[in-house]
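Letter by letter, the chains look like this.
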Amino acid sequence: MQRNSGGLGVGGQPWVLRRVRLTWLSFMLFFILVFFPLIAHYYLTTIDEAGGPDKRIFGPRPGGELCEAKHVQDLCRIRESVSEELLQLEAKRQELNGEIARLNLRIEACKRSIDSAKQDLLQLKNVISQTEHSYKELMAQNQPKLSLPVRLLPDKEDPGLPPPKSFRSCRLHTCFDYARCPLTSGFPVYVYDTDSYPWGDYIDPLVKQAFAASVKSNIYVTDNPSIACLYLVLVGELQEFPSSPLPSPSDLEKQLKALPYWRSDGHNHVLVHLARNSMTQNFLYNVSTGRAAVAQSTFLDQQYRDGFDLVLSPLVHALSEPNFLEVPPQVPVKRKYLFTFRGERVESLRSSLQENPPQSFEEEMEGDPPADFDDRIIGTLKAVQDSHLDQVLVEFTCKNPKPSMPTEWSLCGERDDRLEVLKESTFSLVIAPGDGQLVASAGCGIRLFEALEVGAIPVVLGDHSRLPYHQFIRWSEAAIIVPKPRVSELHFLLRSLSDNDLLAMRRQGRFLWETYFSTAETVLNTILACIRTSIQVPAAPINEEPAQEIPHKAGKLAGTDANLADNGDLDLGPVETEPPYASPRFLRNFTYTAADTYRAWNRAPGPFHLFPHTPLDPVLPSEAKFLGSGTGFRPIGGGTGGSGKEFQAALGGNVPREQFTVVMLTYEREEVLMNSLERLNGLPYLNKVVVVWNSPKPPSEDLVWPDIGLPIVVVRTEKNSLNNRFLPWDAVETEAILSIDDDAHLRHDEIMFGFRVWREARDRIVGFPGRYHAWDLNHQSWLYNSNYSCELSMVLTGAAFFHKYYAYLYSYVMPQAIRDMVDEYINCEDIAMNFLVSHITRKPPIKVTSRWTFRCPGCPQALSHDDSHFHERHKCINFFVKVYGYMPLLYTQFRVDSVLFKTRLPHDKTKCFKFI
């Protein structure tokens with residue numbers, strides 16, 4: 001064991017020594033490789049710094065001493081040569097970079113030119129396509145446009161018509177001479193001067209004066225009797241004087257036959273009898289009127305010639321104009337009394353006051369003579385009053401009853417007292433005369449007039465009665481007509497009507513009263529309209545406002561608006577290079593008169609005017625444009641449809657092609673106006689621009705107007721009025737009007753989208769900034785609100801499309817009090833237009849795109865920024881509600897965006913509008 005241990009110890013010694021040597025060598029090698037370079041660097045650096053600049057070993061030497069050395073001269077020359085070459089290369093590089101930049105600019109310019117050329121080419125293709133369509137339409141058109149025929153004048157001798165079998169059976173085709181009234185005659189009317197004839201001294205002076213004033217302002221009246229279509233003779237209401245009795249029927253008949261144009265039988269004459277009280281003499285009953293028609297308020301059955309004679313409304317307001325502001329509002333719908341009736345019938349008064357209840361209708365009908373329905377009516381109405389189920393007011397005795405016709409219910413009290421009761425009545429009973437032979441009476445006419453005037457819905461008991469102008473007015477929309485045998489069911493019937501129906505009837509009654517009953521002028525207009533409609537002669541065209549143009553000079557061609565870049569490479573439609581295309585006018589002259597009689601008479605504004613076009617014209621079915629009636633239509637993709645370019649190449653829709661007119665109101669903001677006009681350059685489907693110059697100062701003489709490639713008509717106004725915005729200028733030749741402020745800032749794609757939407761909703765206002773009316777809970781009134789809201793009821797006409805039809809209504813039909821308030825406040829004309837359109841259509845406006853404001857940045861502040869602006873608009877809304885009698889505005893909770901808005905499309909398809 002010791003020997004082995006010793007062996008191992010001796011044998012392991014060399015291995016340990018070798019290991020020690022290797023460790024020492026490694027350490028020395030590490031020291032040489034690491035510390036020696038550091039020590040050498042430190043030493044050399046110290047010597048170089050201590051020796052001064054002249055004795056440096058490593059630093060640069062002054063004066064190029066290094067280059068003087070022989071062994072580095074070649075290197076210096078090489079360095080200098082390389083430096084020069086580098087400078088030359090840098091100069092060349094900069095020159096090439098400049099050339100590249102110039103080429104890039106040229107490339108960008110070429111790209112823009114290519115894009116512009118593509119757009120021009122696409123527009124040219126669209127124009128060529130439009131021209132081809134127009135050429136094909138002209139070649140295929142087999143219905144040429146007609147010109148007016150030559151005016152036919154009646155024969156001076158006028159031999160007259162063959163006599164009818166009986167004058168009691170006169171109808172238009174047997175007793176009216178159509179030859180005197182050609183369709184294009186204009187319906188001339190000659191009015192006899194009643195003071196020249198004996199019975200004229202007996203006519204009520206108020207009636208005579210009111211009739212003369214109405215005749216003087218009527219557009220159909222002529223002083224030339226030889227060309228007259230119709231002859232009017234005022235024959236009443238007559239007043240009896242103690243000293244001189246009324247002329248006898250035979251004397252009156254002789255005096256009528258002595259009229260210079262009576263021509264033996266009185267054809268084409270109308271005898272007008274205007275009643276002012278309930279006891280009106282029916283003195284024409286025993287007078288042979290020949291072929292002359294009779295227009296009065298009282299008729300017996302054997303006297304009335306249906307379809308020939310006219311039942312008139314009484315002339316309640318002879319000279320005084322009704323005050324519309326005193327008319328009670330139409331809401332609340334239900335008033336204090338469910339129904340009221342106050343009247344007295346002397347003949348049946350004794351039986352009506354008996355204690356015993358009347359017999360049933362079945363029992364009465366079995367008796368002889370026929371049952372007295374009025375007794376049954378009295379008993380039933382008293383039972384309803386005594387039941388106290390509803391508050392009603394019925395009175396069958398009067399302290400001072402007004403004189404009335406036999407078997408008719410007389411009026412109680414004075415007119416003001418009767419109106420106060422009716423203002424608190426939901427319904428007003430009008431009981432027809434007990435004598436069935438009396439088909440119309442002045443007393444019932446006055447009851448009907450007063451009920452409509454204050455908004456009490458008439459309930460006519462007696463379906464045999466002839467209400468005024470019943471041939472044309474649909475009375476079932478404004479009154480409840482009940483046969484007398486149904487009086488026992490009357491209470492149930494009246495309670496079953498909904499508030500919606502009641503308000504619709506009250507509103508229709510207000511329209512009838514204002515349009516046909518309210519004044520002497522409306523009564524005369526209604527008489528002439530009845531006869532004119534019966535013989536199918538169109539009304540006179542409504543007036544247009546003549547545009548007095550202000551001369552101006554156009555300057556340089558307007559540039560492209562920077563905003564157009566927002567449209568991308570999508571063309572918005574063809575810019576019309578041909579002369580502006582005006583909308584066709586008066587295409588429905590005779591169909592409007594003959595076929596649309598119901599709408600003309602029972603919807604505002606009535607039958608008194610002929611409009612060049614309306615937003616309510618019928619629309620053809622879709623296949624008609626491909627099967628024989630395609631004139632003017634431009635289907636998208638020729639009928640195959642499409643998106644993007646196909647959509648923009650044609651208007652499509654349900655109506656033929658058309659353009660629109662921009663009407664821009666301005667007041668002494670020339671720079672703002674010029675900028676706005678220049679932005680219209682290149683706008684597709686634009687017909688012209690009408691600038692309404694609302695300032696008394698003319699434009700500056702040195703003002704240069706932009707040339708936008710289309711007419712700019714500058715119109716001078718008589719006074720500074722915001723109503724001038726909606727005047728129906730004759731310079732506007734399109735149905736579509738884009739009303740826009742001079743500081744409005746809209747992109748072309750927004751305008752085009754609004755135009756396309758309006759074409760599908762022609763009867764509504766389509767625009768961009770929305771507003772709404774809010775209810776003030778504290779003051780129980782309306783407020784104008786412009787805050788952001790999910791509900792709106794108005795679209796400001798500072799940037800909106802509307803039909804020219806509403807410009808006529810605003811200027812000539814809308815109550816004058818509204819226009820006066822607009823002038824007083826210099827405000828609220830846009831609210832007034834929204835009221836008007838909603839009142840006519842019962843529809844809210846349409847808002848397009850997300851725009852809530854449209855003012856241009858940096859423009860001078862408008863009137864709308866004044867603090868008093870909103871206070872005035874609050875007052876306007878409440879005043880307009882008072883004039884209309886209710887709030888016409890309706891709420892809407894949606895806006896219109898493009899069809900493919902936010903829709904993911906394939907790469908080969910494009911949207912209708914990229915940013916809408």
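Predicted model, so just to flag it, every value in this text is computed and none were measured. (Residues numbered from 1 in each chain as written. Predicted model: local features only at pLDDT ≥ 70, side-chain atom pairs only at ≥ 80, totals over all residues. Heavy atoms only, no water.)

Chemist: Could you give an account of the packing of aromatic side chains, naming the residues involved and the relevant values?
Modeler: Tallied over the entire structure, the rule returns 38 aromatic pairs. Centroid distance Tyr685 to Phe755: 6.2 Å. Interplanar angle 35°. Geometry classified as tilted. With Tyr685 in the loop between helix 19 (670-678) and strand 17 (686-693) and Phe755 in helix 20 (residues 748-760), this residue pair connects regions lying 70 residues apart in the sequence. Pair check on accessibility: Tyr685 and Phe755 agree, each one buried. Ring geometry for Phe879 versus Phe880: centroids 6.3 Å apart, planes at 65°, classification edge-to-face. Using a relative accessible area of 0% as the deciding quantity, one classes Phe880 as buried. A network of ring pairs unites the aromatic residues Tyr190, Tyr192, Tyr197, Trp199, Tyr231 and Tyr261 as a single cluster. Directly above the aromatic system of Tyr581 lies the positively charged group of Arg657, at a separation of 3.9 Å from the ring centroid. Against the face of Phe647 rests Arg756, its NZ or CZ located 4.1 Å from the ring centre. (Phe/Tyr/Trp six-rings, centres within 6.5 Å; stacked < 30°, edge-to-face > 60°. Helix = DSSP H or I, 4+ residues; strand = E, 2+ residues; numbered from the N terminus. Buried < 20%, exposed > 50% of the residue type's maximum accessible area, 1.4 Å probe, protein only. Lys NZ or Arg CZ within 6 Å of the ring centre and 35° of its normal.)

Chemist: If you had to explain the pattern of salt bridges to someone new, which residues and values would you point to?
Modeler: On inspection of all chains with the given rule, the structure shows 40 salt bridges. The salt bridge partner of Asp617 is Arg588, with a shortest N-O separation of 3.4 Å. Taken together, the residues Asp617 in the loop between helix 17 (597-602) and helix 18 (645-648) and Arg588 in the loop between strand 15 (553-557) and helix 16 (589-594) connect sequence positions 29 residues apart. Using a relative accessible area of 27% as the deciding quantity, one classes Asp617 as partly exposed. (Salt bridge = Lys/Arg side-chain N within 4 Å of Asp/Glu carboxyl O.)

Chemist: Requested: an account of the sheet that holds strand 3 (residues 269-273), with residues and values cited.
Modeler: Strand order in the open sheet formed by 5 strands is 1-2-3-4-6, with parallel pairing between adjacent strands. Each edge of the open sheet is held by one strand with a lone partner, namely strand 1 (189-191) and strand 6 (310-311). As paired strands, strand 3 and strand 4 (residues 293-296) are joined by 3 bridges and run parallel to one another. Residue pairing for strand 4: Val270 is matched across the bridge by Ala293. Packing against the sheet, helix 6 (residues 205-216) makes contact with strand 1 and strand 2 (230-236), and its axis sits at approximately 160° to strand 2. (Pairing = 2+ DSSP bridges. Contact = heavy atoms within 4.5 Å. Axes fitted to C-alpha atoms, helices over the stretch in contact; angles between N-to-C directions.)

Chemist: Describe in detail helix 15 (residues 520-534), supporting the description with residues and values.
Modeler: For helix 15, with 15 residues, the first-to-last C-alpha span of 21 Å sits near the 21 Å given by 1.5 Å per residue. For helix 15, the tally of buried residues reaches 12 of 15 residues, placing the bulk of the element in the interior. Every buried residue of helix 15 is accounted for by Ala520, Thr522, Val523, Leu524, Thr526, Ile527, Leu528, Ala529, Cys530, Ile531, Arg532 and Thr533. (Expected span 1.5 Å × (residues − 1).)

Chemist: Describe the state of the cysteines, and please don't skip the residues or the numbers.
Modeler: Applying the stated criterion across every chain, the model contains 4 disulfides. A disulfide bridge connects Cys398 with Cys412, and the sulfur atoms are separated by 1.4 Å. Of this pair, Cys398 sits in the loop between strand 8 (393-395) and strand 9 (410-411) while Cys412 sits in the loop between strand 9 and helix 11 (415-422), placing them 14 residues apart in sequence. Cys398 gets classed as buried once you look at its relative accessible area, which sits at 15%. Disulfide pairing places Cys828 opposite Cys876 at an S-S distance of 2.0 Å. Between Cys828 and Cys876, the disulfide has an S-S torsion of 80° and is therefore right-handed. In this pair, Cys828 is assigned in the loop between helix 22 (816-825) and helix 23 (829-841) and Cys876 in helix 24 (residues 868-884), connecting sequence segments 48 residues apart. Cys828 sits in the buried class, given a relative accessible area of 0%. Assessed through its relative accessible area of 0%, Cys876 is described here as buried. (Disulfide = S-S within 2.5 Å.)

Chemist: Can you explain the environment of Leu710? Please cite residues and give values.
Modeler: Following the sequence through the fold, Leu710 ends up in the loop between strand 18 (704-707) and strand 19 (712-716). Along the primary structure Leu710 and Pro580 are separated by 130 residues, whereas in three dimensions their C-alpha atoms are 7.9 Å apart.

Chemist: Account for unusual backbone geometry, naming residues and giving values.
Modeler: The peptide bond linking Gly236 to Glu237 adopts the cis configuration, its omega dihedral lying at 25°. Within the fold, Glu237 resides in the loop between strand 2 and helix 7 (249-257). Here the residue pair Ala604 and Pro605 is connected by a cis peptide bond, since its omega of 10° sits within 30 degrees of zero. Along the chain, Pro605 falls in the loop between helix 17 and helix 18. In this model, Phe586 sits at a positive phi of 55°, which is unusual for a non-glycine residue. With respect to the helices and strands, the residue Phe586 is situated in the loop between strand 15 and helix 16.

Chemist: So what's going on with a nonpolar patch on the surface? Which residues, and what values?
Modeler: A grouping of Leu29, Phe30, Phe31, Ile32, Leu33, Val34, Phe35, Phe36, Leu38 and Ile39 is seen on the molecular surface, where their side chains present a nonpolar patch of about 1000 Å² in accessible area. Within the secondary structure, Phe36 is located in helix 2 (residues 13-50). For Phe36, a relative accessible area of 55% corresponds to the exposed category. (Patch = residues over 30% accessible without salt bridge, like charges linked within 9 Å, V, L, I, M, F, W, Y side chains within 5 Å. Areas by Shrake-Rupley, 256 points an atom, 1.4 Å probe, with all protein chains shown as cover.)

Chemist: Which residues make up the pairing of strand 3, and what values do they have?
Modeler: Counting buried positions over the 5 residues of strand 3 gives 5, a clear majority of the element. In the sheet, strand 2 pairs with strand 3 via 5 bridges, with the strands oriented parallel. By the bridge assignment, Leu232 is partnered in strand 3 with Val270. The parallel pair strand 2 and strand 3, bridged by helix 7, forms a crossover whose chirality is right-handed. (Right-handed = clockwise from strand over helix to strand, strands pointing away.)

Chemist: A description of the packing of helix 12 (residues 442-454) against helix 14 (residues 499-517) should follow, citing residues and the corresponding values.
Modeler: Running from N to C, helix 12 and helix 14 point in directions that differ by 120°, and their axes come no closer than 8 Å. When the interaxial angle is binned, helix 12 and helix 14 end up oblique. You can see that helix 12 and helix 14 cross each other, and the crossing is left-handed. Two secondary-structure elements touch here, helix 12 through Phe449, Leu452 and Glu453 and helix 14 through Gly509, Trp513 and Phe517. Its residues placed into classes, the contact of helix 12 with helix 14 shows 4 nonpolar, 1 polar and 1 charged. (Parallel < 35°, antiparallel > 145°, perpendicular 65-115°, else oblique. Left-handed = near helix turned anticlockwise from the far one by under 90°. Nonpolar A, V, L, I, M, F, W, Y, C, P; charged D, E, K, R; others polar.)

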